[in-house]
Amino acid sequence: MLLGAGPFGLITGVSAVGAGMHPFDIVLMSGLVFAGASQLAAISLMASGAAVWAILLTVAMVNLRHVMYSLALAPWLQRYGVLSRLLVSFLMVDHSFAVAILKYPRAGDDYPRVAYAVGIGVPMWLTWVATTAAGAVLGAQLPAEWQLDFAVPLLFLALLVPAVTTRPLLVAAVVAGALALALAGLPYNLGLVVGSLAGIAAGAASESLTARQGRRVGA
Amino acid sequence: MSRPEVWLVIVLAALVTLAERGSFLLGKGDAPLPPVLKRTLKFVPAAVFAAIALPALTQPSGVAVGPVDARLLAGAVAGVVAWRTRNVTLTFVVGMVSLWLLGWAVG
């Protein structure tokens, strides 16, 4: 998920204000959370009156890929102090991870790895906060008839479609979407949590089923 | 949700996200990823995004085109654009403009 940070930040700012968030709050959120898709999920859930724990669980799920990034980068940064690693952790997004994990194995042992990560992360953070702020200011000027709250589901659609590249991923998306839709009436946005977990399980099951069939055909 | 509640969500969401980013970076660097996480991680974006997008796209807006809600139609058009172009900005623009045009044509 390599998103152009500029337009994505702008749209996030506009849609946050469209969903009823105070312009300052969305800028604060961009500065502290610095993870676009999870911010949009939280914005949409806050607007629908979800429980705090349901919002946090959703944020944790959307950002789960960072655990994978953290694992991959960890061996390269062991010689640095905790504060340096905390800074790299805070600034790590899809794009900065992708370039760092390509760079470190090619560079020498004395390469300034933290400086490299921070040199990419800080401009990305500044861009993200600035474009969200610009979007929030713009969004506050736009009339309510423009229905900018529709921007949030649109963005998730735009993230969802390219993420579905294989049949097991399609199974995961269909099961999660259908169940979340069927359970939309449940309190605390439980439908989202249950739907997501069921979708993940269905995707994993579909994949292991396909792998087993593949082995049988191969044998 | 009141503004202090929003701030609480922001601070806690920031801590959750930092905990995930730092999960292995702040440790000793030799811990293996639990196998169950490895198997399921790649399904998370597709499942979570679908579970967020579908109920939100099908929420009635009050403007209907025949039996179909304008938001659902605009969402379907945007879905085709997302599928053909994989461009986030274009999907957003086409979806919003479709919704406005449908509202203007019907309303």
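Residues numbered from 1 in each chain as written. Chains lettered and ligands numbered in written order. Predicted model: local features only at pLDDT ≥ 70, side-chain atom pairs only at ≥ 80, totals over all residues.

Engineer: Would you mind showing me how to read the overall build of chain A here?
Structural biologist: Broken down by element type, chain A carries 11 helices and zero strands. Of the regular secondary structure in chain A, the N- to C-terminal order runs α-α-α-α-α-α-α-α-α-α-α. Every one of the 219 residues in chain A was classed for burial, and the buried ones make up 47%. Expressed as a percentage of contacts within chain A between residues at least 6 apart in sequence, the contacts between residues at least 24 apart total 74%. (Helix = DSSP H or I, 4+ residues; strand = E, 2+ residues; numbered from the N terminus. Buried ≥ 20, exposed ≤ 12 C-beta atoms within 10 Å, placed from the backbone. Contact = placed C-beta atoms within 7 Å.)

Engineer: Before we go on, may I ask you to explain the overall build of chain B in this structure?
Structural biologist: When helices and strands are counted, chain B shows five helices and two strands. Listing every helix and strand of chain B by position from the N terminus yields α-α-α-β-β-α-α. Expressed as lengths along the three principal axes of its C-alpha atoms, the size of chain B is roughly 60 × 40 × 25 Å. Residues classed as buried in chain B amount to 42% of the 107 residues present. Taking all contacts inside chain B whose residues are at least 6 apart in sequence as the whole, residues at least 24 apart take part in 37%.

Engineer: How should I be thinking about the packing of helix α5 (residues 65-73) of chain A against helix α1 (residues 3-22) of chain B in this particular structure?
Structural biologist: Closest axis-to-axis distance for the α5 of chain A/α1 of chain B pair is 6 Å, and the angle between their directions is 35 degrees. Contact residues: His-66, Val-67 and Ser-70 of chain A in α5 of chain A; Glu-20, Arg-21 and Gly-22 of chain B in α1 of chain B. Looking at the contact of α5 of chain A with α1 of chain B, its residues break down into one nonpolar, three polar and two charged. (Axes fitted to C-alpha atoms, helices over the stretch in contact; angles between N-to-C directions. Nonpolar A, V, L, I, M, F, W, Y, C, P; charged D, E, K, R; others polar.)

Engineer: In this structure, what is going on with the domain arrangement of chain B? I would like to understand it.
Structural biologist: One frequently used descriptor of interface size is the decrease in accessible area upon assembly of the parts. Domain boundaries in chain B define domain 1 (1-32) and domain 2 (61-107). Here domain 1 of chain B and domain 2 of chain B have C-alpha centroids that lie 35 Å from each other. (Domains from an automatic or database assignment.)

Engineer: Can you walk me through the interface of chain A and chain B in this structure?
Structural biologist: Contacts between the two partners involve 78 residues from chain A and, on the opposite side, 56 residues from chain B. Tallied by class, the residues present in the side of chain A that touches chain B amount to 59 nonpolar, 16 polar and three charged.

Engineer: Hey, could you run me through α1 of chain B in this one?
Structural biologist: Because each turn of an α-helix spans 3.6 residues, side chains separated by three or four positions in sequence point in the same direction. With 20 residues, α1 of chain B ought to run about 28 Å at 1.5 Å a step, and its terminal C-alpha atoms sit 28 Å apart, in line with that. Along α1 of chain B, the residues that are buried comprise Val-6, Val-9, Ile-10, Ala-13, Thr-17, Leu-18, Glu-20, Arg-21 and Gly-22 of chain B. (Expected span 1.5 Å × (residues − 1).)

Engineer: Even after reading the chapter, I still don't get the nonpolar core, so can you show me in this structure?
Structural biologist: Generally speaking, nonpolar side chains in soluble globular proteins are found buried as a group. Membership of the largest hydrophobic core comes to 98 residues, with the highest contact counts inside it found for Leu-155 and Ala-172 of chain A together with Ala-47 of chain B. The element that contributes the greatest number of residues to this core is helix α3 (residues 44-57) of chain B, accounting for 12 residues. Setting aside residues no more than four positions away along its own chain, Ala-172 of chain A makes contact with Gly-199, Ile-200, Ala-202 and Gly-203 of chain A together with Phe-43, Ala-46 and Ala-47 of chain B. (Core = buried A, V, L, I, M, F, W, Y, C linked by C-beta atoms within 7 Å.)

Engineer: What exactly am I supposed to notice about the packing of helix α2 (residues 23-33) of chain A against helix α8 (residues 113-141) of chain A here?
Structural biologist: Relative placement of two packed helices is described by the angle separating their axes and the distance separating the axes. Residue and element names in this part refer to chain A. The geometry of α2 relative to α8 is characterised by a closest axis approach of 9 Å and an angle of 165 degrees between their N-to-C directions. Compared by their axis directions, α2 and α8 come out roughly antiparallel. Judged by the sense of rotation from one axis to the other, the crossing of α2 with α8 is right-handed. When α2 is examined against α8, the residues Pro-23, Ile-26, Val-27, Ser-30 and Gly-31 are found in contact with a partner set consisting of Trp-128, Val-129, Thr-132, Ala-133, Ala-136, Val-137 and Ala-140. Of the residues belonging to the contact of α2 with α8, the class tally is nine nonpolar, three polar and no charged. (Parallel < 35°, antiparallel > 145°, perpendicular 65-115°, else oblique. Left-handed = near helix turned anticlockwise from the far one by under 90°.)

Engineer: What should I look at first to understand unusual backbone geometry in this one?
Structural biologist: Excluding glycine, most residues fall at negative phi; most peptide bonds, likewise, are trans. Residues other than glycine seldom take positive phi values, yet Phe-34 of chain A does so here, at roughly 55 degrees. Take Phe-34 of chain A: it is sitting in the loop between α2 and α3 (36-47). Of note in this structure, Arg-86 of chain B is not a glycine but carries a positive phi near 55 degrees. Relative to the assigned elements, Arg-86 of chain B resides in the loop between α4 (70-85) and α5 (88-106).

Engineer: I'm lost on the confidence of the model for chain B in this one. Help?
Structural biologist: Detailed reading of the predicted model is not advised wherever pLDDT is low. Residue and element names in this part refer to chain B. Looking at chain B as a whole, the pLDDT averages 87, with 94% of positions reaching at least 70. The weakest mean pLDDT in chain B belongs to strand β1 (residues 64-65) at 72; the strongest belongs to α1 at 97. Reported for the predicted complex are a pTM of 0.79 and an ipTM of 0.83. (pLDDT = per-residue confidence, 0-100.)

Engineer: Looking at this model, I keep getting lost on the domain arrangement of chain A. Mind explaining?
Structural biologist: All names here are of chain A. Domain assignment breaks chain A into domain 1 (1-161) and domain 2 (164-219). Inter-centroid distance (C-alpha atoms) of domain 1 to domain 2 is 25 Å. With 10 residues of domain 1 in contact, the opposing surface of domain 2 contributes eight residues. Listing elements by their share of the side of domain 1 that touches domain 2, those giving two or more residues are α4 (52-62) and α9 (151-163). Split into classes, the residues belonging to the side of domain 1 that touches domain 2 amount to eight nonpolar, two polar and no charged.

Engineer: Quick question: what am I supposed to make of the environment of Ala-98 of chain A here?
Structural biologist: Residues and elements named next belong to chain A. Residue position: Ala-98 is located in helix α7 (residues 94-106). Residue classification places Ala-98 among the partly exposed positions, given that 14 C-beta atoms sit within 10 Å. In sequence terms Ala-98 and Ala-50 are 48 residues apart; their C-alpha atoms lie 33 Å from each other.

Engineer: Even after reading the chapter, I still don't get the environment of Ala-163 of chain A, so can you show me in this structure?
Structural biologist: All names here are of chain A. Among the secondary structure elements, Ala-163 is positioned in helix α9. A count of 19 C-beta atoms within 10 Å places Ala-163 in the partly exposed class. Sequence separation between Ala-163 and Ala-72 is 91 residues; the distance between their C-alpha atoms is 21 Å.

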